[in-house]
Amino acid sequence: MTAAPLTAAPLTDGEIAAIRAQFPILGREVNGHPLVYLDSAATAQKPLRVLDAERAYYEHENAAVHRGAHTLAAEATELYEDARRTIAAFLAVDENEVVFTGNATEGINLIATAIGIASSRRGAGADFSTYALEPGDEILTTELEHHANLIPWQELAARTGATLRYIPVDDNGMLDLDAVPALITARTRVVAVSHVSNVTGFVTPLERIVPLARAVGALVVLDACQAAPHLALHPRALDVDVAVFSGHKLYGPTGIGVLYGRAAVLDALPPHLFGGSAITTVTMEKAHFLPAPQRFEPGTPRIAAAIGLAEAVRFVTEIGLDRIAATEHVLAERLHAALAEIQGIRVLGGSAVPAGERVALASVVVDGVHAHDAGQVLDDQGIAVRVGHHCAQPLHRRLGATASVRLSAGVHTTVAELDRAIEAVAGIRQFFGLEAATTAGGGAS
Amino acid sequence: MSGLESLYQQIIVDHAKHPHGVGLTAGEETSHQLNPTCGDEITLALRWSADGEHIESVAWEGAGCSISQASASLLATLAAEDAAAGDAWTPVQLQSLIDEFREALRSRGATPLDEERFGDAAALSGVSKFVARVKCAMLAWVAAEDLLQRRAG
Ligand SMILES: Cc1ncc(COP(=O)(O)O)c(C=O)c1O
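Quick caveat, the model's predicted, so the values are computed rather than measured.

Student: Any chance you could break down the overall build of chain B for me, citing the residues and the numbers?
Tutor: When helices and strands are tallied, chain B shows six helices and three strands. Of the regular secondary structure in chain B, the N- to C-terminal order runs α-α-β-β-β-α-α-α-α. For 153 residues, the compact-globule estimate of 2.2 N^0.38 gives 15 Å, and chain B sits close to it at 14 Å. Seen through its principal axes, chain B has C-alpha atoms that stretch 50 × 30 × 30 Å. Counting the 153 residues in chain B, one finds 46% classified as buried. On chain B, roughly 7100 Å² of surface is accessible, and the fraction owed to carbon and sulfur atoms is 50%.

Student: Pulling in residues and values, what's your account of the pairing of strand β4 (residues 98-101) of chain A?
Tutor: Residue and element names in this part refer to chain A. Alternating positions in β4 separate into two faces, V98 and F100 on one and V99 and T101 on the other, with burial throughout. In the sheet, β4 pairs with strand β10 (residues 257-261) via four bridges, with the strands oriented antiparallel. Along β10, the bridge assignment pairs V98 with Y260.

Student: So what's going on with the nonpolar core? Which residues, and what values?
Tutor: Considering soluble globular proteins, one finds that nonpolar side chains tend to be buried as a cluster. In this structure, I87, L91, F100, L222, F245, L309 and V411 of chain A are the most contacted members of the largest nonpolar core, which totals 86 residues. Top contributing element to this core by residue count: helix α10 (residues 303-319) of chain A, with twelve residues. Both domains that meet at this core, namely domain 1 (13-43 + 320-431) and domain 2 (51-317) of chain A, each give it at least three residues. With residues near it in sequence (within four places) discarded, L309 of chain A still touches I87, F100, G247, L250, G252, P253, I256 and V258 of chain A. Formed by 82 residues, the second largest nonpolar core is a distinct cluster that contains I42, A79, A104 and C136 of chain B.

Student: Explain the packing of aromatic side chains to me, and be specific about the residues and the numbers.
Tutor: If you walk through the whole model with that rule in mind, you get 13 aromatic pairs over all chains. Ring centres of F90 of chain A and F245 of chain A lie 6.5 Å apart, and the angle between their planes is 70 degrees; on these two criteria the pair is classed as edge-to-face. Taken together, the residues F90 of chain A in helix α3 (residues 71-91) and F245 of chain A in strand β9 (residues 242-246) connect sequence positions 155 residues apart. With centroids separated by 4.8 Å and ring planes inclined at 85 degrees, the aromatic side chains of F432 of chain A and Y8 of chain B adopt a geometry described as edge-to-face. Here F432 of chain A is found in the segment after α15 (428-431), whereas its partner Y8 of chain B is found in the loop between α1 (2-7) and α2 (10-17) on a different chain.

Student: Pulling in residues and values, what's your account of the site of the ligand?
Tutor: Residues and elements named next belong to chain A. The environment of the ligand is made up of N103, A104, T105, H146, A148, N198, D223, C225, Q226, S246, H248 and K249. Taking H146, its side chain carries an N or O atom lying 3.0 Å from an oxygen atom of the ligand. Interatomic distance of 2.5 Å between a side-chain N/O atom of D223 and a nitrogen atom of the ligand. Calculation on the ligand without its partners gives an accessible area of 390 Å², and the protein chains cover 89% of this total. Class assignment for the residues of the shell around the ligand results in three nonpolar, seven polar and two charged.

Procedures and definitions
- Residues numbered from 1 in each chain as written.
- Chains lettered and ligands numbered in written order.
- Predicted model: local features only at pLDDT ≥ 70, side-chain atom pairs only at ≥ 80, totals over all residues.
- Heavy atoms only, no water.
- Helix = DSSP H or I, 4+ residues; strand = E, 2+ residues; numbered from the N terminus.
- Rg over C-alpha atoms; globule rule 2.2 N^0.38 Å.
- Buried < 20%, exposed > 50% of the residue type's maximum accessible area, 1.4 Å probe, protein only.
- Areas by Shrake-Rupley, 256 points an atom, 1.4 Å probe, with all protein chains shown as cover.
- Pairing = 2+ DSSP bridges.
- Core = buried A, V, L, I, M, F, W, Y, C linked by side-chain atoms within 4.5 Å.
- Domains from an automatic or database assignment.
- Contact = heavy atoms within 4.5 Å.
- Phe/Tyr/Trp six-rings, centres within 6.5 Å; stacked < 30°, edge-to-face > 60°.
- Near = heavy atom within 4 Å.
- Polar contact = N/O pair within 3.5 Å; in protein donor to acceptor, adjacent residues only side chain to side chain.
- Nonpolar A, V, L, I, M, F, W, Y, C, P; charged D, E, K, R; others polar.

Written out as structure tokens, the structure reads:
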């Protein structure tokens, strides 16, 4: 369950060129330079076929799904459910275990809210009370979470009287796995962790956490946002109950996300939002809910975005997640080796890139230069990076930084682009009149 | 890097490195402003004349990007210079400076700051072409405005 061995061949330059040709935005200039987009961890760019899929749907089949008998309604419903089947195949799960959400944030809130409602003794399935929380129960998360996988649990704890605990992070940005056995006890009811950190790019050793959670019967929720674009995501193989990700980070449209939930979990939990399309019989007093996934998709869903996401999934599947992982490993090694040589900067989590255990992403603190100013220097050269705390304030605080500059690669990133960015990072201190940085080893050319 | 140099003019870089007006007194009334996207923070106080009619100086503490820190420093410098010249600001005068500052910074380069009125702080005109940074430059001025509004209200 640790990172799958990287046996596939990296993409060739020719293959990457062909991939790049599918992204219209990569043809544009920014501040007089060809765009170097190194902010895929925030949101990925979209290949033309994703845009085309959305547009074709609006041009030919657009209708409200699950709500009509006319031909368009039937065709739209078929396309929407076909999108669900595509996602289910991608995750190697059943289609009734795939719920479309707005994004990963909404997915985590869905689960946390449903548990909250179950805790107030409202359920849908007979065994909803399995998931109900009460004072004395514990929710376990980690110190490296994105705020999206922290705040919903803080709120759930506050509403139910449960206690929120966390797995601490060491000085290198790694989870303190030795602390885990003592943290997972009979009181632990929910364990919520990230698959890949959006700040360090480290892959969480889930095999050191999940079996312990399983053994005490805790619900395991995986934030797979930063994993889905980089490595094959198979929730069943990982033995997690729930996994969420955002479509827009996987080359899909904004406004669509996925929540995988093990069938037994989804069937037990009550809906988090209420309305049409999620019900069987409604009287003035009471409603009966449909089984999952419809139960969790009240209202007219994000039909076009789901169809666009299915196309994005076909796009990465055709390339092959194994080949994407192998290619990004080469980029990650080059990126971290070059950054380690630059004086006056610090990479959060250090420079080690064990095969398959770190995605092509690096967050950098430049001595004496605020991240916002550093990012401005890169933007001036057409290089798009993320600056700030990347919605992970506790982790930044733990690593002694308030903000950092994050470079994150995508499937279209070339070595030449990475080198341009590395050289630009090496020049930041000089721009602000601080001592010149040197790059040894010829990493930046 | 001409665009970038209009943002990071030497005056701004100098003020960010060696800021003026830093240092608050325990217990004085302050306004704390935070830019949540990047964590810039400014806590600022207006120091009033004995009769409470004029602002004699601006004091602050903070952390963040060079634009936010330089802007606070330049505001404090402007207050001190005007006070030293016998033109300490009334609340109305400070509010009109803040209004002009905001208008210039939101003008996307169309309306530069008047050097007569803003002195070295006019170097912040370059920020107006960098829409994402306007918030950084406004932080100290928003803190000053908050204090004026509290006083009036
Ligand atoms: C690890 C992680 N979790 C959750 C999120 C939230 O994703 P979204 O903003 O699309 O809901 C992100 C992205 O910002 C992320 O990187």
